[in-house]
Amino acid sequence: MIELQRIVLREIRLPLKEPFRISSGVMHNRRICLLELLDGDGTVGWSECVAGEIPNYSYETIDTAWLAIREWLAPRVLNSSIAKPGDIPAMLEKGICGHNMAKAAVEMGCWDIAARQQDLSLSKMLGGTRDRVPTGISIGIQANAEALARRARAAFDQGYRKIKVKIEPGADVEYVRAVRQELGPSVHLMADANSAYTPADTDHLAKLDAFDLIMIEQPLSREDLVRHAALQKRLKTPICLDESIISVDRAEDMISLGAGKIINIKPGRVGGFTASKGIHDVCQENGIPVWCGGMLESGVGRAHNVALASLPNFSLPGDLSPSSRYWERDIVTPEWTMDSEGMVHVPRDKPGIGVTLDMDFLNSITVRREELQRRAATK
Ligand code: OSB
Ligand code: MG
């Protein structure tokens, strides 16, 4: 039983070690919203909202998520008795459209609480089965093809099991060619367009078929399932959808339309773990591989992603780079690491998310804080 007493919203600023450029924008700093949830029994849970600073990946931003949590979402969970975290999406869905990232932050924090209440790791609580999960890297758009090939080589030598390169018109075929030449034919290589193309680019995108990519992620707009289906008919390379898949229904639509053959599951994008598990299960039944994407999370969001990636149908390496790839210093202890085989270890013997917040550091980088309380009981 979860009976939340308080949710503390915090905004922290974490500078990225290097800017991360995708087709729709560049990030230098992460403004991250963290949730600390306190249950009536004293259990504390943590979660991270993955919304960015500007609405380029989705319409949500850290500021819209903050508003949605404070005004509409937190009051519902703060003034209820919740039997299990799987009940939360229905509570948050009724009469509140969209705002999946805000909803996910609330729901995922409650999963952490529920796991701790049962003295289970989040991985076990979610149905995860693996102690180690394979890791891929997502490399931002670089100044030129040679620079990208160098970055890809360094990442592969570090142990990463999958190399994903961001592409956009003008930085695509020649960039991918350079990376494939550098890495050789057997390395798992893929490209992510973040919706940078239109159906008019079909012939151009078909040139990527020459490089044996394991997939091309989200070439067209988020709304374009039908157009993705038409594009998939023209490409040998499997399409993987990211931005388009915001629910279990949308995953089923992708499958029945043939709009893609693989799904990148980001729990923040789909509204939390309940929907993530639902998509995982539908994909497993239909022979669709899934993998866990990332949103440049701090060590808190990473903990949630690693737990999810330990489920059995996460059969491809996730975007789960170690802390040191993004930050000079992460906010959790221990920091996330990757072994020389490119595996991240799942803390399955620790309760909840399995990492501890470094509160002194966290407080030193907090720029905004708001406490949301349970309504006092009225008699
Ligand atoms: O499309 O997967 C994406 C980061 C921000 C927004 C969108 C995406 C990404 C990444 C980063 O690819 C993956 C990571 O967290 O390492
Ligand atoms: Mg993507």
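Below or above, wherever it landed, is the structure these notes cover. Everything quoted here is computed from the prediction, not taken from an experiment.

This part covers the coordination of the magnesium ion (ligand 2). Protein coordination at the magnesium ion (ligand 2) comes from Asp-192 (OD), Glu-217 (OE) and Asp-242 (OD), with a distance range of 2.1 to 2.3 Å. If you list the donors of the magnesium ion (ligand 2) from N- to C-terminus, the spacing comes out as D-x24-E-x24-D. Residue Asp-192 is found in strand β6 (residues 189–192), and its partner Glu-217 is found in strand β7 (residues 215–217); the two are separated by 25 residues along the sequence. With respect to class, Asp-192 is no different from Glu-217; both count as buried.

For the rest of this paragraph, the subject is the site of ligand 1. Around ligand 1 sit 15 residues, and of these Ser-138, Asn-194, Lys-266, Leu-296 and Tyr-326 come closest. In this structure, Met-295 approaches ligand 1 through a main-chain N or O atom, which is 3.4 Å from an oxygen atom. When the free accessible area of ligand 1 is taken as 400 Å², the share hidden by the protein chains comes to 99%. Across the shell around ligand 1, the residue classes break down as five nonpolar, three polar and seven charged.

Time to look at the packing of helix α5 (residues 145–158) against helix α6 (residues 173–183). Contact geometry for α5 and α6: axes closest at 8 Å, N-to-C directions at 40°. On the basis of their axis angle, the class for α5 and α6 is oblique. Regarding α5 and α6, the two cross each other, and that crossing is right-handed. Here α5 contributes Ala-145, Leu-148, Ala-149, Ala-152, Arg-153 and Phe-156 to the contact with α6, which in turn contributes Glu-174, Tyr-175, Ala-178, Val-179, Glu-182 and Leu-183. Here the residues of the contact of α5 with α6 are counted per class, giving nine nonpolar, no polar and three charged.

Turning next to unusual backbone geometry. For the bond running from Thr-333 to Pro-334, omega is -10°, close enough to zero to count as cis. With respect to the secondary-structure elements, Pro-334 resides in the loop between β12 (332–333) and β13 (343–345). Backbone geometry places Asp-119, a non-glycine residue, at a positive phi of 55°. Turning to its location among the elements, Asp-119 is positioned in the loop between α3 (100–117) and α4 (122–126). The residue Asn-194 is not glycine, and still its phi comes out positive at about 45°. Structurally, Asn-194 is set in the loop between β6 and α7 (202–206).

Ile-69, Ile-163 and Ile-331 are the most contacted members of the largest nonpolar core, which totals 123 residues. Per element, the largest residue contribution to this core is 11 residues, and it comes from α3. For Ile-163, the residues in contact, after removing those within four places along its chain, are Ile-137, Ile-139, Ala-152, Ala-155, Phe-156, Leu-183, Val-187, His-188, Leu-189 and Met-190.

Two aromatic rings, taken as a pair, are described by how far apart their centres are and by the angle between their planes. All told, the structure shown has two aromatic pairs when counted by the stated rule. With centroids separated by 6.2 Å and ring planes inclined at 85°, the aromatic side chains of Trp-111 and Phe-273 adopt a geometry described as edge-to-face. Of the two residues, Trp-111 sits in helix α3 while Phe-273 sits in helix α11 (residues 273–285), which places them 162 residues apart along the sequence. The buried category is assigned to Trp-111, whose relative accessible area is 6%. Accessibility expressed as a relative area gives 0% for Phe-273, which makes it buried. Aromatic side chains Tyr-326 and Trp-327 sit 5.8 Å apart centroid to centroid with 35° between the ring planes, which places their arrangement in the tilted category.

Let us now look at the sheet that holds strand β2 (residues 25–39). Reading across the sheet, the four strands line up as β3-β2-β1-β15 and stay open at both edges, with antiparallel pairing between neighbours. A single partner strand is all that each edge strand has here, and the edge strands are β3 (44–49) and β15 (366–373). Averaged over neighbouring strand pairs, the angle between their axes works out to 25° when direction is ignored. Sheet strands in contact with helix α12 (residues 299–309) are β2 and β3, and its direction is about 95° off that of β3.

With that settled, consider α6. Every α-helix carries 3.6 residues per turn, so stepping three or four residues along brings you back to the same face. Listed in full, the buried residues belonging to α6 are Val-173, Tyr-175, Val-176, Ala-178, Val-179, Arg-180 and Leu-183. Elements in contact with the buried residues of α6: α5, β5 (162–166), β6 and α7.

As enumerated under the stated definition, the model contains 31 salt bridges in all. Between Glu-11 and Arg-31 there is a salt bridge, with its nearest N and O atoms 2.7 Å apart. Of the two residues, Glu-11 sits in strand β1 (residues 4–22) while Arg-31 sits in strand β2, which places them 20 residues apart along the sequence. Overall, Glu-11 belongs to the buried group, its relative accessible area being 2%. Exposure remark for Arg-31: the relative accessible area of 12% places this residue in the buried category. Salt bridges sharing partners connect three or more residues here, namely Glu-11, Arg-13, Arg-31, Glu-53, Asp-63 and Arg-368.

In this section: the environment of Val-300. Note on placement: Val-300 falls in helix α12. The class for Val-300 is buried, based on a relative accessible area of 0%. Sequence spacing of Val-300 and Ser-47 is 253 residues, and the spatial spacing of their C-alpha atoms is 6.2 Å.

Residues Leu-189 and Ala-191 of β6 are buried on one face, and the alternating residues Met-190 and Asp-192, pointing to the opposite face, are buried as well. In this sheet, β6 lies alongside β5 in parallel orientation, the contact comprising four bridges. Bridge assignment links Val-165 to a residue of β6, and that residue is Ala-191. Of the strand pairs in this sheet, β6 and β7 are connected by three bridges, and their pairing is parallel.

Analysis parameters
- Residues numbered from 1 in each chain as written.
- Chains lettered and ligands numbered in written order.
- Predicted model: local features only at pLDDT ≥ 70, side-chain atom pairs only at ≥ 80, totals over all residues.
- Heavy atoms only, no water.
- Donors = N, O, S within 2.8 Å, 3.2 Å for Na, K, Ca; no water.
- Helix = DSSP H or I, 4+ residues; strand = E, 2+ residues; numbered from the N terminus.
- Buried < 20%, exposed > 50% of the residue type's maximum accessible area, 1.4 Å probe, protein only.
- Near = heavy atom within 4 Å.
- Polar contact = N/O pair within 3.5 Å; in protein donor to acceptor, adjacent residues only side chain to side chain.
- Areas by Shrake-Rupley, 256 points an atom, 1.4 Å probe, with all protein chains shown as cover.
- Nonpolar A, V, L, I, M, F, W, Y, C, P; charged D, E, K, R; others polar.
- Axes fitted to C-alpha atoms, helices over the stretch in contact; angles between N-to-C directions.
- Parallel < 35°, antiparallel > 145°, perpendicular 65-115°, else oblique.
- Left-handed = near helix turned anticlockwise from the far one by under 90°.
- Contact = heavy atoms within 4.5 Å.
- Core = buried A, V, L, I, M, F, W, Y, C linked by side-chain atoms within 4.5 Å.
- Phe/Tyr/Trp six-rings, centres within 6.5 Å; stacked < 30°, edge-to-face > 60°.
- Pairing = 2+ DSSP bridges.
- Salt bridge = Lys/Arg side-chain N within 4 Å of Asp/Glu carboxyl O.

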